[in-house]
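# Observations on the three-dimensional arrangement
The lines below spell out each chain.
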Amino acid sequence: FCVIYSFGNFKTCDQSAFCKRQRALKPGQSPYRALLDTLELSDSRLTLQLINDNNKVHLLLELYRLQGNITRVKINELKPLKPRYEVPDVLVGDQPTEPLSVLSQDDNGVVLSLGAESQRLIVSARPFRLDIMEGPEVLLSLNSRGLLAFEHLRLRKDTFTLFCHLFSLFPLMHQSCHLYLCQQAEDGGKDKEEDGLWEETFKTHTDSKPNGPTSISLDFSLPGVEHVYGIPEHADNLKLKTTDGGEPYRLYNLDVFQYELYNPMALYGAVPVMLAHNAQRTMGIFWLNAAETWVDISSNTAGKTVFGKMLDFVQGSSETPQTDVRWISESGIIDVFIMLGPKPSDVFSQYASLTGTQSFPPLAGLGYHQCRWNYNDQDDVKAVDQGFDQHDIPYDFIWLDIEHTDGKRYFTWDPEKFPQPKEMLHGIKDKRRKMVAIVDPHIKVDSGYKIHSEIRARDLYVKNKDGGDYEGWCWPGNSGYPDFTNPEMRAWWASMFAYDKYEGSMENLYTWNDMNEPSVFNGPEVTMYKDAMHGKWEHRDVHNLYGLYVHMATTDGLIQRSGGTERPFVLTRAFFAGSQRYGAVWTGDNAAEWDHLKISIPMCLSLGLVGISLCGADVGGFFKSPSAELLVRWYQTGAYQPFFRAHAHLDTPRREPWLFGPENTALIRDAIRQRYTLLPYWYQQFYQAHKTGQPVMRPLWVEYPKDTATFTIDDEFLIGQDLLVHPVTEEGARGVTAYLPGQGEVWYDVHTFQKHNGAQNLYIPVTMSSIPVFQRGGSIVPRKVRVRRSSDCMENDPYTLYVALSPQRVAVGELYIDDGHTFNFQTKKEFIHRSLTFANNALASRFLTHLCSCYFLLMTLFIILPDMGTRSHLKTSVEFEFEASMSVLTLRKPGMNAGADWTVVLQ
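Note that the structure is a prediction, hence the values are computed from the model and not measured. (Residues numbered from 1 in each chain as written. Predicted model: local features only at pLDDT ≥ 70, side-chain atom pairs only at ≥ 80, totals over all residues. Heavy atoms only, no water.)

Burial analysis of strand β45 (residues 811-817) places 5 of its 7 residues in the buried class, the great majority of the element. With 7 bridges joining them, β45 and strand β46 (residues 832-839) adopt antiparallel strand pairing. In the sheet register, Val-812 faces β46, and the bridge partner there is Thr-837. (Buried < 20%, exposed > 50% of the residue type's maximum accessible area, 1.4 Å probe, protein only. Helix = DSSP H or I, 4+ residues; strand = E, 2+ residues; numbered from the N terminus. Pairing = 2+ DSSP bridges.)

Scanning all chains against the criterion turns up 42 aromatic pairs. Summarising the aromatic geometry, the rings of Trp-399 and Phe-643 are spaced 6.1 Å apart at their centres and angled 50° between planes, so their arrangement reads as tilted. With Trp-399 in strand β22 (residues 397-400) and Phe-643 in the loop between α13 (628-638) and β34 (644-646), this residue pair connects regions lying 244 residues apart in the sequence. We classify Phe-643 as buried; its relative accessible area is 2%. Between Tyr-687 and Tyr-816 the ring centres are 3.9 Å apart and the planes differ by 15°, which places this aromatic pair in the stacked class. Here Tyr-687 is found in helix α15 (residues 679-692), whereas its partner Tyr-816 is found in strand β45, with 129 residues between them in sequence. Ring-pair connections join several aromatic residues into one group, and the members of that group are Phe-411, Trp-413, Phe-418, Phe-484, Trp-493, Phe-497, Tyr-502 and Tyr-546. (Phe/Tyr/Trp six-rings, centres within 6.5 Å; stacked < 30°, edge-to-face > 60°.)

This paragraph deals with the UniProt feature "domain: Glycosyl hydrolase family 31 C-terminal" (unreviewed entry) in the protein chain. In the numbering used here, UniProt assigns the "domain: Glycosyl hydrolase family 31 C-terminal" (unreviewed entry) feature to residues 693-781. A distance of 20 Å separates the end C-alpha atoms of residues 693-781, which is 4% helix and 38% strand. (UniProt positions renumbered as here; feature names shortened; annotations may be inferred.)

Across the sheet, 6 strands lie side by side as β35-β36-β37-β42-β39-β40; this open sheet has antiparallel pairing. Sheet topology places β35 (697-698) and β40 (755-757) at the edges, where each strand pairs with a single neighbour. Bridge count between strand β37 (residues 723-725) and strand β42 (residues 773-776): 3 bridges; the pairing is antiparallel. Each bridged residue has a counterpart across the sheet, and for Leu-724 the counterpart in β42 is Phe-774.

With that settled, the discussion passes to helix α5 (residues 344-355). The end-to-end C-alpha distance of α5, which contains 12 residues, comes to 17 Å, matching closely the 16 Å that a straight helix rising 1.5 Å per residue would cover. Inspection of α5 places Pro-344, Val-347, Phe-348, Gln-350, Tyr-351, Ala-352, Leu-354 and Thr-355 among the buried residues, and these make up the whole buried set. Remark: Gly-356 follows α5 within two positions and exhibits a positive phi of approximately 95°. (Expected span 1.5 Å × (residues − 1).)

This part takes up empty space enclosed by the protein. If you walk through the whole model with that rule in mind, you get 9 cavities of 30 Å³ or more. Of the volumes computed, that of the largest cavity is approximately 140 Å³. For the lining of the largest cavity, the elements supplying multiple residues, two or more each, are β11 (199-202) and β12 (205-208). Here the lining of the largest cavity is composed, by residue class, of 5 nonpolar, 3 polar and 5 charged. (1 Å grid on protein atoms, 1.4 Å probe; cavity = no way out; pocket = protein on both sides within 12 Å on 5 of 7 lines; lining within 4 Å. Points joined across faces, edges and corners; volume = space filled by probe spheres on them. Nonpolar A, V, L, I, M, F, W, Y, C, P; charged D, E, K, R; others polar.)

Reported here for the second largest pocket is a volume of approximately 610 Å³. What lines the second largest pocket is a set of 30 residues, among which Asp-792, Glu-795, Asp-819, Gly-820 and His-821 lie closest to the centre. Elements with a minimum of two residues in the lining of the second largest pocket: α15 and β45. Considering each element in turn, the lining of the second largest pocket owes the most residues, 3 residues, to α15.

On to the nonpolar core. What tends to happen in soluble globular proteins is that the nonpolar side chains get buried as a cluster. In this structure, Phe-286, Trp-493 and Tyr-635 are the most contacted members of the largest nonpolar core, which totals 169 residues. Broken down by element, this core gets its largest block of residues, 9 residues, from helix α12 (residues 594-609). Counting residues in hydrophobic clusters, the runner-up holds 51 residues, among them Leu-46, Val-73, Leu-112 and Phe-150. (Core = buried A, V, L, I, M, F, W, Y, C linked by side-chain atoms within 4.5 Å.)

So, about the packing of helix α9 (residues 487-495) against helix α11 (residues 546-561). Across the interface, α9 lies against α11 with an axial gap of 7 Å and an inter-helix angle of 45°. Classified by the angle between their axes, α9 and α11 sit oblique to one another. When you trace α9 past α11, the crossing you get is right-handed. Counted together, Arg-490, Trp-493, Ala-494 and Ser-495 of α9 and Tyr-549, Val-550, Met-552, Ala-553, Thr-554, Asp-556, Gly-557 and Gln-560 of α11 form the full contact between these two elements. (Axes fitted to C-alpha atoms, helices over the stretch in contact; angles between N-to-C directions. Parallel < 35°, antiparallel > 145°, perpendicular 65-115°, else oblique. Left-handed = near helix turned anticlockwise from the far one by under 90°. Contact = heavy atoms within 4.5 Å.)

As a further point, take the pattern of salt bridges. With the rule as written, the count across this model stands at 59 salt bridges. The salt bridge involving Glu-330 is made with Lys-530; its shortest N-O contact spans 2.7 Å. On the criterion of sequence distance, the pair formed by Glu-330 in the loop between β19 (320-329) and β20 (334-339) and Lys-530 in the loop between β27 (509-513) and β28 (533-534) is long-range, its members being 200 residues apart. What makes Lys-530 buried here is its relative accessible area of 7%. With a shortest N-O distance of 3.7 Å, Arg-458 and Glu-454 are connected by a salt bridge. Residues joined in a network through salt bridges with shared partners are Asp-207, Arg-250, Glu-292, Glu-330, Glu-525, Lys-530, Glu-538 and Arg-540. (Salt bridge = Lys/Arg side-chain N within 4 Å of Asp/Glu carboxyl O.)

Take a look at the structure:
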């Protein structure tokens, strides 16, 4: 059947009743007041009641100071008619707290010490406002614009008369209960007769709202800030734009077919985390809410608002730039974590302490992936696999899309096209390669299909509002949707990946979760009805969590099938905060257009800033057919992005790397081989990301936070600290201009070893073979220069160290080695982690976190990139050569064990 998409399928803010309602509120008219006499303070928690003076509804404010310079703010109804949804399973464990103490209090407010040096939190009573200060500086303010709004649960107006009448029959009923319920009902009776409060229709779909209006909103002011980032996923620039006069950024996981660029509309994933940065400080805001969310951003000048007047008084300036941010969610509670940095690396660590770090992928997952919708049959898979060998192009994974299944029944194989899946997998395994097969979360409604029958028998499907199994249309036709919010469902799903349950699977078969927003072709906005039920919670409460739960259950299944020994590889399209713990993400259904190539860079940079480092875009574009030039440039770009996969739509011509003529085949081969030579560096970066939460692919401002020239750059990026990449993304380009950051830094072209000074815009002439990449002076980057058919085949090959010297610093680097696929690095401490330094003409290796004797890989080559002069008479027992024109000294076969301490002295 045909699925027809258009951008009219997706709501604007004006078409979303709660967004329109909240956005209509005017700043400076806050009805909320803090009741200071209700303040209670323990060592780690402050509680305080707020009252809405318009309707007399009480809210409960909770404040926590968390270890690592984080402040948590929660606001909920004091006495809701029933519990409101609070997001589970995203935070990693209980968050350690630090003491709070009252410094002063009067009728106007309270001043609290946040424990950190000179940090204070000011609670103002009327109107309610929170200000976080450090010394005389206001770092951030909540409700400074008075846009806190909390739509409390209430009775519908056609029921309140009945309830109040019933209570009047019982004069002994406690009067406070009687007054409370009647007030709630009366408030419901005063609701304006406007659309969308108790029912909302979009296109032909009607959303019943049994709980009525439940939306929440809160504004934040960031004085001194002009640049904010994050809140993926959007096909837009890295620096977020102001939304005044336009659409807010929307966070609502949706299956968007061939999405528009430079648009704040929602896409496949949602991470409600924003970073604010200036030359003095980096901060973050984590809005923990899984419902549909809109984010407004406006630029202001502190001094033009009530909040600004306070700044004028404190700081003596009326021209401080300011960014105001407003979060609006449809349901749930306000639960926000304010990460106060102050450095970018601190914010990444703070966020990682809350939601975890990027999972450590198997080494093969960082190699090249070949995918298409669809490889036709086993013979097609074999031919493609052989094609890579015939053209001397390495790859690690070949992928199968939905057509490999028996009638879109996941966990099965088409009996005609893939009759012997294990034979196929063995053939790939013999070449030390792997396969990924798609497993989507919509289940064909078919009584003869065991997956469907078991889920139905266990009563684990999402329910419709009337209590029956929710069904919608997706690739198999009529489909059920497992309730992955239920731990029992997740455990059962994980068990289905066992080798004896997933027929035809083997240890070299991995998994891809697509369509897990969830996608429902005949649903509102191509997704599930919001009034569908997950146990006692509506889908509106949990929507953005669904993809994370599918990813979680699948990853658990791949770990369990190996008895907990093997690291999984699972790709997801939908995601939320915390998805980094479970695997890889890609940017969805892009197109073979130059602008889509360009946008892949800021899209992956934005994901990295919020913890998801294993990101990539479909190389070549999913839709349409790329020109040879575009395809080559996309391979050259993708080779330097974390997740490197080519993918294409069913209706596009085949585009394996050797189908565009010998010259282009050579260019693509070279790009892929460059990726493989750098796998030791990529692997080391992902180990660091897993341990620390630092992004792998990162904007320049992360490493050069005081350099304002870097703040809006999103056409180049860093891999770790030491490699800078400026891909060629313009059609017909004859040159690019790259900004090399760092006053006093030096950067070396990795292809020519030419040295360039930092803090300059460098024009680089390019040809079709050019991939502008630079290594930072003062760094040591490990490589493997002997490229084989897959990463596994390179396991025992020697390492090469590229040492780039700097007049400013000692050259440093690291080397990380483990078996590349198990959890033994964690459970048995079987790994090598070396610190590498070059100082005083000596290159040394010392152990870092662990010393292991289980590996005996030998260094066979060193390349030094200093300004050496003419050292043709170097005194060393090691074979060497010196290329004076490039100032490159090469030492061959020094004979050291990669896992041992050693020093090479140059005299």
